[in-house]
Amino acid sequence: MPAFAKRLDKVTGSAIRALFSLLGDPKIISFGGGNPAKESFPVDLVQKYTDELYKQDGAAILQYGATEGYKPYIKACLDALLKNKGLSGTSANLLALTGSMQGIDLICRTFLDPGDTILVEAPTFLGALQTFNLYQTNIIPVAMDNDGLIMSELEEAIIKHRPKLLYCIPTFQNPTGRTLTLERRKTVAELAAKYDVVVIEDDPYCELRYSGTPLPTIKSFDTTGNVVLLNSFSKTLSPGMRVGYAFGREDIIRKMTICKQSADTHTSNITQAIAAEFLTNNALAPHLESVIPMYSKKLNAMLNAMDKYFPTECTYTKPEGGLFVWGELPYGIRTLDLFKTAVEEYKVAFIPGEHFYPSPELGYNTFRLNFSSESIERIENGIMLLGELFKEAINKKTIDNK
Ligand SMILES: Cc1ncc(COP(=O)(O)O)c(C=O)c1O
């Protein structure tokens, strides 16, 4: 057999999926996944719209569609979603995507040659890291604090590494739950213009806000067209539908469209049409209003339990939305080493944070918790158990150090 492509050399498959092959026991309380809650899916409305769409326009929906997207979908995204974000454009600025994950891939295809540099938040979304590795890029992590990317670090990294791209998840970031402040959003757009860097603004969690005030996108401060906004219906309607969109400068969108032709020809017509129905019938906002209290209660249950049961040496984020809480244990404790004990003895799972960094040693003492898939009771119980495990690890470390 011939050798596998060199581009796969640094791609190992999802480390998280490998960890989760250890699971499968329903007794295990899992904070490890990242899926939206299954009770959040609007099954009845999707079924209603599907029936209506096939009745009205069945043959067109079953035919090949345009790579750019299904026209009513493009119009609905521009009129109902982007206008609300203060963004205006034409169909030439928008490309329908098979999930925002595809947008990350298409921007890479559009801009990156092997050896090019991309800056990422440290830590960042594992799926994006996998994609960047496939393009044989130099991935440079940029430090964050509780307000997101640190601007002085970002500018320094841009000057030093001359990247083509910056990948940023500004709202309720995966994995940390952190949100980039308003001032920093402006600064990111300014730095992108000043140093001619393209920003991938990946914002799939922005509608899952449980408290605080919504913030404008980085894209809304973009005066040069250097920012491409990616969004998705995965967290608001359904990830299985695989629908999202990219919004950006015409020439970038055009190149991404050409790249998409060879990726999947076009995004499924029916799922674009269903998403368009949610928008044109004003059904998305009420749907979100119905699921947000459920997520909000689960997040609060998790944070309250962490306040109560976690050792004081453990620090963690307090997000206002999204699906994740991020924590840090004292130096010297590697969370990957605790994972097996957590699952096998304590029957509770989390994700060791090192998987979210381009170099694992950067986050060996961190962890990500997801609260969407468990009941309130199991969240409280699971956090209590994790608290015991973490206290035990800290005590052991203290004894070892003596
Ligand atoms: C930051 C981020 N971007 C993109 C995605 C993928 O979204 P989609 O289902 O739209 O491809 C995820 C999913 O977890 C994510 O966390």
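Residues numbered from 1 in each chain as written. Predicted model: local features only at pLDDT ≥ 70, side-chain atom pairs only at ≥ 80, totals over all residues. Heavy atoms only, no water.

Buried within helix α11 (residues 335–344) we find Thr335, Leu338, Phe339, Ala342 and Val343. The arc enclosing the buried residues of α11, seen along the axis, measures out at 130°, which places them on a common side. (Buried < 20%, exposed > 50% of the residue type's maximum accessible area, 1.4 Å probe, protein only. Helix = DSSP H or I, 4+ residues; strand = E, 2+ residues; numbered from the N terminus. Arc of directions from axis to C-beta.)

Here we come to the side chain of Asn365. Inspection of the secondary structure puts Asn365 in the loop between β13 (351–352) and β14 (366–370). At 2.7 Å, the side chain of Asn365 and the backbone oxygen of Leu329 are in polar contact. When neighbours within four sequence positions are excluded, Asn365 is seen to be in contact with Gly327, Glu328, Leu329, Pro330, Tyr331, Ile333 and Thr335. (Polar contact = N/O pair within 3.5 Å; in protein donor to acceptor, adjacent residues only side chain to side chain. Contact = heavy atoms within 4.5 Å.)

The next subject is the site of the ligand. In the vicinity of the ligand there are 14 residues, among which Ser100, Asp202, Tyr205, Ser232 and Ser234 approach most closely. With respect to the ligand, the backbone of Met101 contributes an N or O atom lying 2.9 Å from an oxygen atom. Coverage of the ligand by the protein chains reaches 91% of its 400 Å² of free accessible surface. Counted by class, the shell around the ligand contains 6 nonpolar, 5 polar and 3 charged residues. (Near = heavy atom within 4 Å. Areas by Shrake-Rupley, 256 points an atom, 1.4 Å probe, with all protein chains shown as cover. Nonpolar A, V, L, I, M, F, W, Y, C, P; charged D, E, K, R; others polar.)

The subject of this paragraph is the pairing of strand β6 (residues 165–168). The alternating pattern of β6 places Leu165 and Tyr167 and Leu166 and Cys168 on opposite faces, both of which are buried. As judged from the 3 bridges shared by strand β3 (residues 117–122) and β6, these two strands associate in the parallel manner. Pairing of Val120 across the sheet is with Tyr167, part of β6. Bridge analysis of β6 against strand β7 (residues 198–202) gives 4 bridges, and the strand direction is parallel. By the bridge assignment, Leu165 is partnered in β7 with Val198. In this view, the connection linking β6 to its parallel neighbour β7 by way of helix α7 (residues 182–195) has right-handed handedness. (Pairing = 2+ DSSP bridges. Right-handed = clockwise from strand over helix to strand, strands pointing away.)

As a further point, take unusual backbone geometry. The step from Ala122 to Pro123 runs through a cis peptide bond, and the omega angle for that step is 5°. Position of Pro123 among the secondary structure elements: in the loop between β3 and α5 (126–134). A cis amide bond links Asn174 with the next residue in sequence, Pro175, at an omega value of 20°. Looking at where Pro175 falls in the secondary structure, it is placed in the loop between β6 and α7.

The residue Asn281 is located in the loop between α9 (269–280) and α10 (284–309) in this model. On a C-alpha basis, the gap between Asn281 and Tyr195 in space is 42 Å, while along the polypeptide they are 86 residues apart. Only 2.9 Å separates the side chain of Asn281 from the backbone oxygen of Glu277, close enough to count as a polar contact.

What follows deals with α5. Most of α5 sits inside the fold, with 8 of its 9 residues counted as buried. Of all the residues in α5, the buried ones are Leu126, Gly127, Ala128, Leu129, Gln130, Thr131, Phe132 and Asn133. Taken from the residues just after α5, Gln136 is the one with a positive phi, measuring 55°.

This brings us to the nonpolar core. Judged by nonpolar contacts, the single largest core of 76 residues is most densely connected at Tyr73, Phe233, Phe310 and Leu369. If you tally residues by element for this core, the top one is α10, at 12 residues. Contacts of Leu369, omitting those with residues within four sequence positions, involve Phe31, Met302, Met306, Phe310, Leu323, Phe324, Val325, Phe350, Ile383 and Leu386. Ranked by size, the runner-up nonpolar core spans 26 residues in total, among them Val120, Ala128, Leu129 and Leu230. (Core = buried A, V, L, I, M, F, W, Y, C linked by side-chain atoms within 4.5 Å.)

Further remarks concern the domain arrangement of the protein. What the domain assignment lists for the protein is domain 1 (6–41 + 291–401) and domain 2 (43–284). Taking only C-alpha atoms, the centre of domain 1 and the centre of domain 2 are 26 Å apart. Contact with domain 1, which involves 32 residues of that partner, is made by 34 residues of domain 2. Taken together, the connections running from domain 1 to domain 2 amount to 1 salt bridge. Where domain 1 packs against domain 2, one counts 9 residue pairs in polar contact (both at pLDDT 80 or more). When contributions to the side of domain 1 that touches domain 2 are tallied by element, the ones reaching two or more residues are α10 and β11 (324–328). For the side of domain 1 that touches domain 2, the leading source of residues is α10, giving 4 residues. Its residues assigned to classes, the side of domain 1 that touches domain 2 shows 18 nonpolar, 9 polar and 5 charged. (Domains from an automatic or database assignment. Salt bridge = Lys/Arg side-chain N within 4 Å of Asp/Glu carboxyl O.)

Right, let's get into the sheet that holds strand β5 (residues 148–149). Pairing between sheet strands relies on hydrogen bonds along the backbone, with the strands arranged either parallel or antiparallel. Sheet architecture is open: 8 strands sit in the order β2-β9-β8-β7-β6-β3-β4-β5, paired in mixed fashion. Each having just a single partner strand, β2 (94–97) and β5 make up the two edges of the open sheet. Bridge count between strand β8 (residues 227–232) and strand β9 (residues 244–247): 4 bridges; the pairing is antiparallel. Bridge pairing in β9 places Asn231 opposite Tyr245. Along the sheet, helix α4 (residues 100–111) makes contact with β2, β6, β7 and β8, crossing β8 at roughly 155°. (Axes fitted to C-alpha atoms, helices over the stretch in contact; angles between N-to-C directions.)

Okay, the packing of α10 against helix α12 (residues 376–401) next. One can describe the packing of α10 onto α12 by two numbers: an axis separation of 9 Å at closest approach and a directional angle of 30°. Of the possible angle classes, the one that applies to α10 and α12 is roughly parallel. Considering only the axes of α10 and α12, their crossing is right-handed. Here Lys297, Lys298, Ala301, Met302, Ala305, Met306 and Tyr309 of α10 come into contact with α12, specifically with Ile376, Ile379, Glu380, Ile383, Met384, Gly387 and Lys391. Considering only residue class, the contact of α10 with α12 consists of 9 nonpolar, 1 polar and 4 charged. (Parallel < 35°, antiparallel > 145°, perpendicular 65-115°, else oblique. Left-handed = near helix turned anticlockwise from the far one by under 90°.)

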